[in-house]
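Inside the fold
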Amino acid sequence: METLIILLVGVLTAVAIYLVLSKSLIRVILGTAIFSHAVHLLILSMGGLKKGTVPLLGEEAESYVDALPQALILTAIVISFAVTAFILVLAFRAYQELGTDDLEEMRGVNDE
Amino acid sequence: MHLLILAILIPFFAAALIPFLYRRIGKLNIGWFVLIVPLALFIILAMRIPDISAGDTIAATLEWIPSLGINFSIYLDGLSLILALLITGMGSLVILYSIYYLSPYDSLPHFYAYLLLFMGAMLGVVLSDNLLVLYVFWELTSISSFLLIAFWFHRKNSRYGAQKSLLITVFGGFGMLAGFIMLHTMTDTFSVREIAASISQYTDHALFYPAMFLVLLGAFTKSAQFPFHIWLPDAMEAPTPVSAYLHSATMVKAGIYLVARFTPIFGGTSAWFWTVTLVGLVTLFWGSFCAVRQTDLKALLAYSTISQLGLIMSLFGMGSAALYFGDGSDGALYGLATFAALFHLVNHSTFKGALFMVVGIVDHQVGTRDIRRLGGLISFLPITFTFAMIGSFSMAGLPFFNGFLSKEMFFTASLNSASLPIFSAGTWGWLIPVIAWTASVLTFVYCMIIVFRTFLGQPQLKKLDKKPVEPPIGMLISPAILSLLIVGIFFAPNLLGDHLLRPALGGVLPGMAGAAPHITAWHGFQPELWMTLGIIVIGGILYATLRYWKKVYSLIPDTWTFNNLYNRFLAGLENNSNTLTSFYMTGYLPHYFAYIFTFFVLVAGGTLVFTGALSIDFSNDAPVKPYEFLLVLVMMIAAVAILFVRSRLTSILLNGVLGFSIAILFVLFRAPDLALTQLVIETVTTVLFLLCFYFLPELKKDRIPRNAKIRNAAIAIAGGTTVVLIALSVHSGKLFESISSYFENSYELAGGKNIVNAILGDFRGFDTMLESLVLFIAGIGVYTLIRIKSGKEPKKNEDK
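The rules behind these values
Residues numbered from 1 in each chain as written. Chains lettered and ligands numbered in written order. Predicted model: local features only at pLDDT ≥ 70, side-chain atom pairs only at ≥ 80, totals over all residues. Helix = DSSP H or I, 4+ residues; strand = E, 2+ residues; numbered from the N terminus. Rg over C-alpha atoms; globule rule 2.2 N^0.38 Å. Buried ≥ 20, exposed ≤ 12 C-beta atoms within 10 Å, placed from the backbone. Contact = placed C-beta atoms within 7 Å. Nonpolar A, V, L, I, M, F, W, Y, C, P; charged D, E, K, R; others polar. Domains from an automatic or database assignment. UniProt positions renumbered as here; feature names shortened; annotations may be inferred. Pairing = 2+ DSSP bridges. pLDDT = per-residue confidence, 0-100. Axes fitted to C-alpha atoms, helices over the stretch in contact; angles between N-to-C directions. Parallel < 35°, antiparallel > 145°, perpendicular 65-115°, else oblique. Left-handed = near helix turned anticlockwise from the far one by under 90°. Bend = angle between axes of the 7 residues up to and from the residue. Expected span 1.5 Å × (residues − 1).

Observations regarding the overall build of chain A
When helices and strands are tallied, chain A shows four helices and zero strands. Overall, chain A shows an N-to-C arrangement of helices and strands of α-α-α-α. Expected size for 112 residues packed as a compact globule is a radius of gyration near 13 Å; at 19 Å, chain A overshoots this value by more than 25%. For chain A, the C-alpha atoms occupy an extent of roughly 65 × 25 × 25 Å along the three principal directions. Taken over 112 residues, chain A has a buried fraction of 60%. Residue pairs at least 24 apart in sequence account for 54% of intrachain contacts in chain A once pairs closer than 6 positions are excluded.

Things to note about the overall build of chain B
Along its length, chain B carries 34 helices and two strands. Against the globule reference of 28 Å for 800 residues, chain B gives a C-alpha radius of gyration of 37 Å, more extended than a compact globule. Taken over the C-alpha atoms alone, chain B extends approximately 115 × 65 × 55 Å along its principal axes. Out of the 800 residues in chain B, the part that is buried amounts to 46%.

Observations regarding the interface of chain A and chain B
Between chain A and chain B, the residue contacts involve 72 residues of the former and 86 residues of the latter. The leading source of residues in the side of chain A that touches chain B is helix H3 (residues 67-98) of chain A, at 25 residues. A per-class count over the side of chain A that touches chain B returns 49 nonpolar, 14 polar and nine charged.

Some words on the domain arrangement of chain B
Note on interface size: it is often stated as the accessible area lost on association of the parts. Taken as a whole, chain B is organised into domain 1 (1-203 + 221-266), domain 2 (270-544) and domain 3 (591-733 + 740-772). Between the C-alpha centres of domain 2 of chain B and domain 3 of chain B the distance comes to 79 Å.

Concerning the UniProt feature "transmembrane region" (unreviewed entry) in chain A
All names here are of chain A. Mapped onto the present numbering, the UniProt feature "transmembrane region" (unreviewed entry) falls at residues 6-21, 28-47 and 67-92. Secondary structure content for residues 6-21 is 94% helix and 0% strand, while the C-alpha to C-alpha distance between its ends is 22 Å. Each end of residues 67-92 is marked by a C-alpha atom, and these two atoms are 38 Å apart; helix forms 100% of the span and strand 0%.

Regarding the pairing of strand E2 (residues 70-76) of chain B
Residue and element names in this part refer to chain B. By the criterion of burial, E2 is predominantly enclosed, with five of the seven residues buried. One ladder, built from seven bridges, connects strand E1 (residues 58-65) with E2; its direction is antiparallel. Following the sheet pairing, Leu-62 is matched in E2 by Phe-72. Taking the residues between adjacent antiparallel strands as the criterion, E1 and E2 are bridged by four residues, where Gly-69 takes a positive phi near 75°.

Considering the environment of Ile-58 of chain B
Residue and element names in this part refer to chain B. Structurally, Ile-58 can be placed in strand E1. Measuring from C-alpha to C-alpha, the distance between Ile-58 and Ile-74 comes to 8.1 Å, with 16 residues separating the pair along the chain. Sequence-distant contacts of Ile-58, defined by excluding residues within four places in its chain, comprise Leu-4, Arg-48 and Leu-76.

So, the environment of Val-603 of chain B
In this fold, Val-603 of chain B is placed in helix H26 (residues 589-610). In the structure, Val-603 of chain B is positioned 132 residues away from Pro-471 of chain B in sequence and 70 Å away in space, judged by C-alpha atoms.

As for the confidence of the model for chain A
Mean pLDDT over chain A works out to 85, with 96% of the residues at or above the 70 mark. By mean pLDDT, helix H4 (residues 103-106) of chain A is the weakest element of chain A at 78, and helix H1 (residues 2-20) of chain A is the strongest at 92.

Let's talk about unusual backbone geometry
Residues and elements named next belong to chain B. Cis geometry marks the peptide bond from Phe-226 to Pro-227, where omega comes out at 0°. In this fold, Pro-227 is placed in the loop between helix H9 (208-222) and helix H10 (231-234). Phi angles above zero are rare outside glycine, and Ala-224 is one such case at about 55°. With respect to the helices, strands and loops of the structure, Ala-224 is situated in the loop between H9 and H10. A positive phi angle, near 75°, is found at Phe-400, a position not held by glycine. Its location among the elements puts Phe-400 in the loop between helix H17 (382-396) and helix H18 (402-418).

Here's the deal with the packing of H18 of chain B against helix H23 (residues 527-544) of chain B
Any two packed helices are characterised by how steeply their axes cross, that is the angle between the axes, and by the distance between the axes. All names here are of chain B. Taken N-terminus to C-terminus, the directions of H18 and H23 make an angle of 120°; their axes are 9 Å apart at the nearest point. Here H23 runs oblique to H18, going by the angle between their axes. In the crossing of H18 with H23, the sense of the turn from one axis to the other is right-handed. Together, Glu-408, Phe-411, Thr-412 and Leu-415 of H18 and Pro-527, Glu-528, Met-531 and Thr-532 of H23 make up the contact between the two elements. Each residue belonging to the contact of H18 with H23 can be placed in one class, and the counts come to four nonpolar, two polar and two charged.

Digging into helix H22 (residues 493-508) of chain B
Residues and elements named next belong to chain B. Of all the bends in H22, the largest measures some 40° and sits at Leu-501, one to four residues before the proline Pro-503. Burial analysis of H22 places 12 of its 16 residues in the buried class, the great majority of the element. Every buried residue of H22 is accounted for by Pro-493, Leu-496, Gly-497, Leu-500, Leu-501, Arg-502, Pro-503, Ala-504, Leu-505, Gly-506, Gly-507 and Val-508. Its buried side turned inward, H22 meets helix H3 (49-53), helix H4 (78-101), helix H12 (253-266), helix H16 (329-366), H18 and helix H21 (473-491).

A word on helix H30 (residues 706-732) of chain B
The terminal C-alpha atoms of H30 of chain B lie 39 Å apart, and with 27 residues this matches the ideal 39 Å at 1.5 Å per residue to within 8%. Within H30 of chain B, the full set of buried residues consists of Asn-712, Ile-715, Ala-716, Gly-719, Gly-720, Thr-722, Val-723, Val-724, Leu-725, Ala-727, Leu-728 and His-731 of chain B. For H30 of chain B, the elements touching its buried residues are H1 and helix H2 (25-46) of chain A together with H26 of chain B.

Digging into the confidence of the model for chain B
Residues and elements named next belong to chain B. Predicted confidence across chain B gives a mean pLDDT of 87, with 97% of residues reaching 70 or more. Here helix H34 (residues 792-799) stands out as the least confident element of chain B, with mean pLDDT 42; H9 is the most confident, with 94. Contacts for the low-pLDDT stretch residues 792-800, under 50 throughout, to residues beyond four places or in other chains number one contact. ipTM for the predicted complex: 0.92, alongside a pTM of 0.77.

With respect to the environment of Phe-444 of chain B
Residues and elements named next belong to chain B. Topologically, Phe-444 is positioned in helix H20 (residues 431-455). Between the C-alpha atom of Phe-444 and that of Phe-118, which follows or precedes it by 326 residues, the distance is 32 Å. Setting aside residues up to four positions removed in sequence, Phe-444 forms contacts with Ala-396, Ile-535, Ile-536 and Gly-539.

Overview of the packing of helix H2 (residues 31-46) of chain B against helix H5 (residues 108-127) of chain B
All names here are of chain B. Relative orientation of the contacting elements H2 and H5 amounts to 5°, with a least axis distance of 11 Å. Relative to H5, the element H2 is oriented roughly parallel. In this structure, H2 uses Gly-31, Val-34, Val-37 and Pro-38 to contact H5, whose residues at the interface are Tyr-112, Leu-116 and Met-119. Looking at the contact of H2 with H5 residue by residue, the class counts come to six nonpolar, one polar and no charged.

Take a look at the structure:
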């Protein structure tokens, strides 16, 4: 299972990198969103999958799955949401100001 | 703490105090407070003269980085004492002078803070025994010199001159540092005294000569020796007190001090003798040659300083031959050159300081330093004229002034060196007195220009900005003291010779302090006397016929100067670095991402491969159920499909597919909290995307060239593969036990049965708090970005 998930992470990462490298700002943002998906799965699979039961002590089980990656991912999900929301609004503003979402056209002018 | 260590630190403390004092004292000039510092230090140092002249030395150490052999160790011998007295003595006079010279509109606290900074640094240079400490102070003098040259920073020339001096002296300083480190590699110590004691074992070492030339590079750049002299004339943009202090009396002597200090280490070799002597002689000649053509009095003095520094340098070179012979009559014969060097070092500070102050007075009272506009000032500024005459005649080497004594000794030394039996001096030795004499003739000519063109002839009052009158008495005190010294040293030279120069000679040529001669003004009809007489006659003729032979100077094309070389080099450097920078800093985001990912693949992937950390082991895997496999397959297809869809809506939905599938995976992987959060967040994100896309343009076909597409695909696949390989390796090998079991006591430790919640809310509660802070900041950012008014109009103005 872990190997399968790791392969999935690899595919997601490759797709994300390709999107981030493209000219359109929207694709770049999509790329960052996919990046965070990939990273969440990566962290989870690093802790080992399905090695026990849900990490609730009330279950009285023999063993629980690793709770630490889950806590990390929970934080990461929320933060990546905040970042995505911010970049989206930034793109919206940039489009309003510059009239384009093409990074080629957004290329900075010499400031001197 | 030893008093002398304190002496170095006091100027720094005083400099730090100035801004606070300046606010308190009101109308009184801050210079009066600053004056106390060098005066007190001068008295402290002067009280050491009896001990030092008796042959004692003083050493003290304050530990700094003892494990690396770097200690704040100071060492006061005759050589350091002369320099330290010059620094504090000239410092006092210059500060007194500057109180009257600077206008109240100048930023006085800056000026005096920089000046004190310099004073402390310079004392540090001459008193340090540890090479690295010396280096630190050395660079500090360069920095304070930079600040002082650029004191009137609104002038373009000041900034240019400051930059030039900094670049050249710091360049040399770096070379010197490398030389110091080589010395440390050889001798395993940073102490000058210890190196000098043990260097005889290392003269065959491969690093001996590289170290010598690197140390000399530092000395030559600092002391403005040919061809590094070009920074000194541009440094004259500094206020005149600074020129008098840093750029003639003290800082430029740091290089000479370094040569003197290192003579016991490198002296006695042919390479040292010829390099120092020849560079000094060439500088002596070139400086005096260039000085004659100058029309700005300060520029003239700058070239004359270069020339005189060359003279002192060449004398130290000649004197180093004495170390070859050791203690004996031959040693004493050549050791005379070193004695003359020390003598001229002191004399030069007196007469050049006086001359700079005179030029400052002329500039201050008349409004110009251009000799084409000056003339006949003798009737308006008679006192100033007297000082100018004393200073110039001393520099020209005329009798009744101290310059005469050291100049005659210089001729004696050059004649001695011409007949040196070693270092193959027989072939080329005759050049030494010839160059020395020629340069002295030119020196005579420019000294006459200073006096006669400025003070005699027809007054040109119409060309002047102000009606000339004598300056306030305070401005005349310092040049008066220096003029008295010039005459006083001539009549009682041995007072100086016995108490200061003799112990200093011992510092340069160890064990030869006894070789110090008795200074006499008259020693019969010797060749030296005829040389002086020849200078006066030929120099007089040359001065009278100056306008006929001045055409010589136009023979050298302007494009051939070292200045031009420097400017071209700098411009080329700027252009090339600009081209290089704009080659990769394209302002195009995908390029930067491409750099980042390529770097990641190379470094992370490369490390993985080259360290052999790559290992793949499937044995630990959990079993895969068919529906799980299907889910993963769907996600992969959805992800790849995003690359190819043209419609925005489809790509958002595909992203949603990924997000919700991950929520299902979370369920499968026993993470109910994650699944819940992921569901909520994914829903909100999708809505947000849709909302924003409403305002954003339709996706265009990514119109990038085909090869760029292939390159991007390659980077993407390489990045994905690297991540897979790293993840597999991490998964296969466990380096240490997981810390997770600790959190399974969450009920006892935190009172929560849900472990994930306990971690977030208790174990790592602080992180969670900061996380909500991040959310808050992002929220503010989103809100402001939406509410902010379109700034199009003012932006356009900014661009222009």
